[in-house]
Amino acid sequence: MTLRPEREAVVEYAPALAELTPGRTGNLSVRDGDAFAVTPTGVAYDAFDAADVPVVGLDGERRAGRMAPSSEVPMHTGIYDHARPGAIVHTHSPWATTMATLGLSLPPVHYMIVAVGREVPIADYAPYGTEELAANVVAAMADAESDAAILANHGLVVTGPDLETAIENTHHVEDLCRLYVRSSSIGEPNLLTDEQLATVEERFESYGQQPEDG
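Report on the accompanying structure.

The rules behind these values
Residues numbered from 1 in each chain as written. Predicted model: local features only at pLDDT ≥ 70, side-chain atom pairs only at ≥ 80, totals over all residues. Heavy atoms only, no water. Helix = DSSP H or I, 4+ residues; strand = E, 2+ residues; numbered from the N terminus. Contact = heavy atoms within 4.5 Å. Areas by Shrake-Rupley, 256 points an atom, 1.4 Å probe, with all protein chains shown as cover. Lys, Arg positive; Asp, Glu negative; His and termini not counted. Charge placed at Lys NZ, Arg CZ, Asp CG, Glu CD. Buried < 20%, exposed > 50% of the residue type's maximum accessible area, 1.4 Å probe, protein only. Pairing = 2+ DSSP bridges. Axes fitted to C-alpha atoms, helices over the stretch in contact; angles between N-to-C directions. Polar contact = N/O pair within 3.5 Å; in protein donor to acceptor, adjacent residues only side chain to side chain. Arc of directions from axis to C-beta. Salt bridge = Lys/Arg side-chain N within 4 Å of Asp/Glu carboxyl O.

**Regarding the overall build of the protein**
Then comes step 1: For the protein, the count of helices and strands is 6 helices and 8 strands.
Then comes step 2: Taken from N to C terminus, the helices and strands of the protein fall in the order α-β-β-β-β-α-β-α-β-α-β-β-α-α.
Then comes step 3: Taking the intrachain contacts of the protein between residues at least 6 apart in sequence as the baseline, contacts between residues at least 24 apart amount to 65%.
Then comes step 4: Carbon and sulfur atoms make up 47% of the accessible area of the protein, which totals about 10,600 Å².
Then comes step 5: For the protein, the centre of its 12 positive side-chain charges and the centre of its 33 negative side-chain charges are spaced 7 Å apart.

Written out as structure tokens, the structure is:
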């Protein structure tokens, strides 16, 4: 299994990580069936091609690619095995990581949170690249019924049906973390109720459109 389209998608979208995370600390992946293409470890986001991109099975075994995969493969495999999303983005984006160092989950301070759920939970700390961290992230997302999680003293992970959506929602969560930290420094933010969030979720079902040809 070569996952050529998925490996090309990793090459296309990996440079977007440079806007979200310092250095080479982020990673992303896209799944097809029981395997996924993932960014290689320790490489600049624009310094590899599709043949370099590692392919890893949900069993954690490397199947293809000239470069070694991200150290966060256990977290990717854990999320894919449990939630079965199409793509995963992991960053150390500054505002989400600020929340992570404070041990804070992201509550519904703005309606755009429904892009990933009704909150973004905080996952308990564990060393990066470990099965323990993967289990903590999966548990936090499952308990909150969220497509994202803040990793205590670490960063952020966001899932989606494809890489474009996962990256877009990573920006949404990062912006909301910034909003929450800033508003909390002034006073107690007003949170949306479950009823208000339900209304937004209903409206989101018909949100967006594709441009017409011509």
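**Some thoughts on the pairing of strand β8 (residues 155–160)**
Then comes step 1: Counting buried positions along β8 gives 6 out of 6 residues, so the element sits mostly inside the fold.
Then comes step 2: Side chains Gly 155, Val 157 and Thr 159 project from β8 onto one buried face, and the interleaved Leu 156, Val 158 and Gly 160 project onto a second face that is buried too.
Then comes step 3: Inspection of the sheet shows strand β5 (residues 87–91) paired to β8 by 5 bridges, in the antiparallel sense. When the sheet's bridge partners are listed, Ile 88 is paired in β8 with Thr 159.
Then comes step 4: The pairing of strand β7 (residues 148–151) with β8 spans 4 bridges and is classified as antiparallel. Bridging from a neighbouring strand, Ile 150 pairs with Leu 156 of β8.
Then comes step 5: If you look at the hairpin formed by β7 and β8, you'll find 3 residues sitting between the two strands, and Asn 153 has a positive phi there, around 50 degrees.

**Comments concerning the sheet that holds strand β2 (residues 35–38)**
Then comes step 1: In spatial order, the strands read β4-β3-β2-β1-β5-β8-β7-β6; together these 8 strands make up an open sheet with mixed pairing. Bordering the open sheet on either side are β4 (62–64) and β6 (122–123), each of which pairs with just one other strand.
Then comes step 2: Strands β1 (27–32), β2, β3 (55–57) and β4 of the sheet are contacted by helix α1 (residues 4–13), whose axis makes an angle of about 155 degrees with β1.

**A word on the pairing of β2**
Then comes step 1: Judged by which residues are buried, β2 turns out to be covered on both faces: Ala 35 and Ala 37 on one side and Phe 36 and Val 38 on the other are all buried.
Then comes step 2: Inspection of the sheet shows β1 paired to β2 by 4 bridges, in the antiparallel sense. Bridge pairing in β2 places Arg 31 opposite Phe 36.
Then comes step 3: Where β1 folds back on β2, the antiparallel hairpin that results is connected by 2 residues, among which Gly 33 adopts a positive phi of roughly 65 degrees.
Then comes step 4: With 3 bridges connecting them, β2 and β3 associate as antiparallel partners.

**As for the side chain of His 90**
Then comes step 1: Within the secondary structure layout, His 90 lies in strand β5.
Then comes step 2: According to the relative accessible area criterion, His 90 is buried, its value standing at 1%.
Then comes step 3: Of note is the side chain of His 90, whose polar atom sits 3.1 Å from the side chain of His 154.
Then comes step 4: Those residues in contact with His 90, other than ones at most four positions away along the chain, are Leu 17, Thr 25, Gly 26, Asn 27, Glu 72, Met 75, Leu 151, His 154, Leu 156 and Val 157.

**Quick look at α1**
Then comes step 1: Among the residues of α1, those classed as buried are Glu 6, Arg 7, Ala 9 and Val 10. One side of α1 carries all its buried residues, which in axial view fall inside an arc of 155 degrees. Away from the buried face of α1 by more than 90 degrees, exposed residues Pro 5 and Glu 12 are located.
Then comes step 2: Each element contacted by the buried residues of α1 is listed here: β1, β2, β3, β4 and α5 (163–184).

**Thoughts on the pattern of salt bridges**
Then comes step 1: In this structure the tally under the stated criterion is 7 salt bridges.
Then comes step 2: In this structure, Arg 66 and Asp 49 form a salt bridge, with 3.1 Å as the shortest nitrogen-oxygen distance. Highlighted residues: Arg 66 in the loop between β4 and α2 (73–83) and Asp 49 in the loop between β2 and β3, separated in sequence by 17 residues.
Then comes step 3: On the accessibility criterion, Asp 49 (37% relative accessible area) is partly exposed.
Then comes step 4: With its nearest N and O atoms 2.8 Å apart, the salt bridge here joins Glu 201 to Arg 118. Taken together, the positions of Glu 201 in helix α6 (residues 194–204) and Arg 118 in the loop between α3 (94–102) and β6 put the pair 83 residues apart, joining distant regions of the chain.
Then comes step 5: Note on Glu 201: relative accessible area 29%, which makes it partly exposed.
Then comes step 6: Taking the relative accessible area as the measure of exposure, Arg 118 reaches 30% and is therefore partly exposed.
Then comes step 7: Bridged by salt links that share partners, the residues Asp 49, Asp 52 and Arg 66 form one connected network.

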